[in-house]
Amino acid sequence: MKHNQMRQVVFPILAAFIWGTSFVSQDICADSMGAFTFNGTRYFIAVLSLLVVIAVMNTTRKDRPQPTAEEKKASRKQLWLGGLCCGTALAIASNFQQAGLVAGTDAGKAGFITALYVVLVPLFGLFFRRKVSGPVWIAVVLSVVSLYLLCIKGGFSLAPGDLLVLVCAVCFAVHILLIDHFTARCDGVKLSCLQFLFAAIWSTILALIFDTIDFHVLWECILPLLYVGVFSCGVGYTLQILAQKDSNPTVVTILLSLESVFAVIAGAIILHQQMSLREYIGCALMFIAVVLAQVQFPAKKAKQLQ
């Protein structure tokens, strides 16, 4: 397997595994602290971990050709703009997600509802006058049915936590589109570090306003916080950025969608969370929708005139 192909396959699967299992840590912390406090803490941990990576990378790149002053200025401008845009979208998405877990949505269900972003990404292309294929529309219908099976109980109403995670899926779709835009213009690891910096700043500001910050609770949850900070953020999101750079977005996104599968498995094994048959059917339909939305079917060739 070539290096680029390995990056397209291995990096997204690793990211999906890390994100899926991190739902357990998020669920544990959701019982002890507010969403904004949790995200502000984990993103600052991610920034510190990536600063170490960047320092090591800089020492190994001394022999590479140095860009001109104008190129450095343009690159730096794109990097900070990308960090601001991606970090803001990430902060909004992750805080809605964690708020959903705090409100009572379990890890497995949150993982599958979050996976709806993969269906939403091609749909958002309509705003840019991009055609949506028949299979994508089928995926949309399947995702709506799966959300009904997962979230609607005793009538046509969403549980508060489920609705918050659903909003998070929309925000993550925007985040992926922003990542696709800026990865062609910026260094992947530095972009990842800056997006965490801005996400940490936004989350901390909101925590100071809305949460009651208890440092004793933070210390008690230090292990799950370190896992989501170093691995889920520092490693997982950086793997996503590196995987999306100059890669086939269809392959990468399908593999990233495995996050939802890992979330259910981790929730069942570690937290002993069980879902009903109806909810498992909803999970299966969601996974089919996620895959179907990303598979590119060959177009029918027009018959040539004799």
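Note that the structure is a prediction, hence the values are computed from the model and not measured. (Residues numbered from 1 in each chain as written. Predicted model: local features only at pLDDT ≥ 70, side-chain atom pairs only at ≥ 80, totals over all residues. Heavy atoms only, no water.)

Counting secondary structure elements, the protein contains 13 helices and zero strands. Mapped from its N terminus to its C terminus, the protein presents α and β elements in the order α-α-α-α-α-α-α-α-α-α-α-α-α. Expressed as a percentage of its 306 residues, the buried residues of the protein come to 48%. Long-range contacts, defined as pairs at least 24 residues apart, comprise 90% of the intrachain contacts of the protein with a sequence gap of at least 6. Only carbon and sulfur atoms are counted for the fraction: they give 69% of the accessible area of the protein, which is about 15,800 Å². (Helix = DSSP H or I, 4+ residues; strand = E, 2+ residues; numbered from the N terminus. Buried < 20%, exposed > 50% of the residue type's maximum accessible area, 1.4 Å probe, protein only. Contact = heavy atoms within 4.5 Å. Areas by Shrake-Rupley, 256 points an atom, 1.4 Å probe, with all protein chains shown as cover.)

With respect to the helices and strands, the residue Thr105 is situated in the loop between helix 3 (69-102) and helix 4 (107-114). Reaching out from Thr105, the side chain makes a polar contact with the side chain of Asp162 at a distance of 2.9 Å. Among all residues touching Thr105, those that are not within four sequence positions of it are Gly100, Ala110, Gly161, Asp162 and Val165. (Polar contact = N/O pair within 3.5 Å; in protein donor to acceptor, adjacent residues only side chain to side chain.)

In this section: a nonpolar patch on the surface. Taken together, Phe44, Leu84, Ile201, Trp202, Ile205, Leu208, Ile209, Phe210, Ile213 and Phe215 make up a surface patch of nonpolar side chains, about 1,000 Å² in accessible area. For the nonpolar patch, the element with the highest residue contribution is helix 8 (residues 188-210), accounting for six residues. Among the secondary structure elements, Ile205 is positioned in helix 8. (Patch = residues over 30% accessible without salt bridge, like charges linked within 9 Å, V, L, I, M, F, W, Y side chains within 5 Å. Salt bridge = Lys/Arg side-chain N within 4 Å of Asp/Glu carboxyl O.)

This paragraph deals with the confidence of the model for the protein. For the protein, the average pLDDT comes to 81, and 85% of its residues sit at 70 or higher. Long-range and interchain partners of residues 302-306, a stretch whose pLDDT sits below 50, account for zero contacts in this model, where long-range means more than four residues apart. (pLDDT = per-residue confidence, 0-100.)

This model, assessed by the stated rule, comprises zero disulfides. Just so you know, Cys86 is unpaired, no disulfide at all, and the nearest cysteine sulfur is the one on Cys85, 6.6 Å from it. Cys86 gets classed as buried once you look at its relative accessible area, which sits at 0%. (Disulfide = S-S within 2.5 Å.)

Our focus in this paragraph is the nonpolar core. Residues Tyr43, Leu90, Leu116, Tyr117, Phe172, Phe196 and Tyr237 are the most contacted members of the largest nonpolar core, which totals 59 residues. Filtering out sequence-adjacent residues up to four positions away, Phe196 remains in contact with Tyr43, Ala46, Val47, Leu50, Leu90, Cys233, Gly234 and Tyr237. Residues Cys29, Met33, Ile45 and Leu218 belong to the second largest nonpolar core, which totals nine residues. (Core = buried A, V, L, I, M, F, W, Y, C linked by side-chain atoms within 4.5 Å.)

A complete count under the given rule lists seven aromatic pairs for this structure. Ring geometry for Trp80 versus Phe198: centroids 6.1 Å apart, planes at 85 degrees, classification edge-to-face. Linking Trp80 in helix 3 with Phe198 in helix 8, this pair joins segments that are 118 residues apart in sequence. Under the relative-accessibility criterion, Trp80 is labelled partly exposed at 42%. Judged by relative accessible area, which is 16%, Phe198 ranks as buried. Measuring from centroid to centroid gives 5.8 Å for Phe196 and Tyr237, while their planes differ by 70 degrees, and the two rings are edge-to-face. Taken together, the positions of Phe196 in helix 8 and Tyr237 in helix 10 (residues 222-244) put the pair 41 residues apart, joining distant regions of the chain. (Phe/Tyr/Trp six-rings, centres within 6.5 Å; stacked < 30°, edge-to-face > 60°.)

For the pair helix 4 and helix 12 (residues 259-270), the least separation of the axes is 7 Å and the interaxial angle reads 175 degrees. The angle between helix 4 and helix 12 places the two elements in the roughly antiparallel class. Across the interface between the two elements, Ala107, Gly108, Gly111, Phe112 and Thr114 of helix 4 pack against Glu259, Ser260, Val261, Ala263 and Val264 of helix 12. (Axes fitted to C-alpha atoms, helices over the stretch in contact; angles between N-to-C directions. Parallel < 35°, antiparallel > 145°, perpendicular 65-115°, else oblique.)

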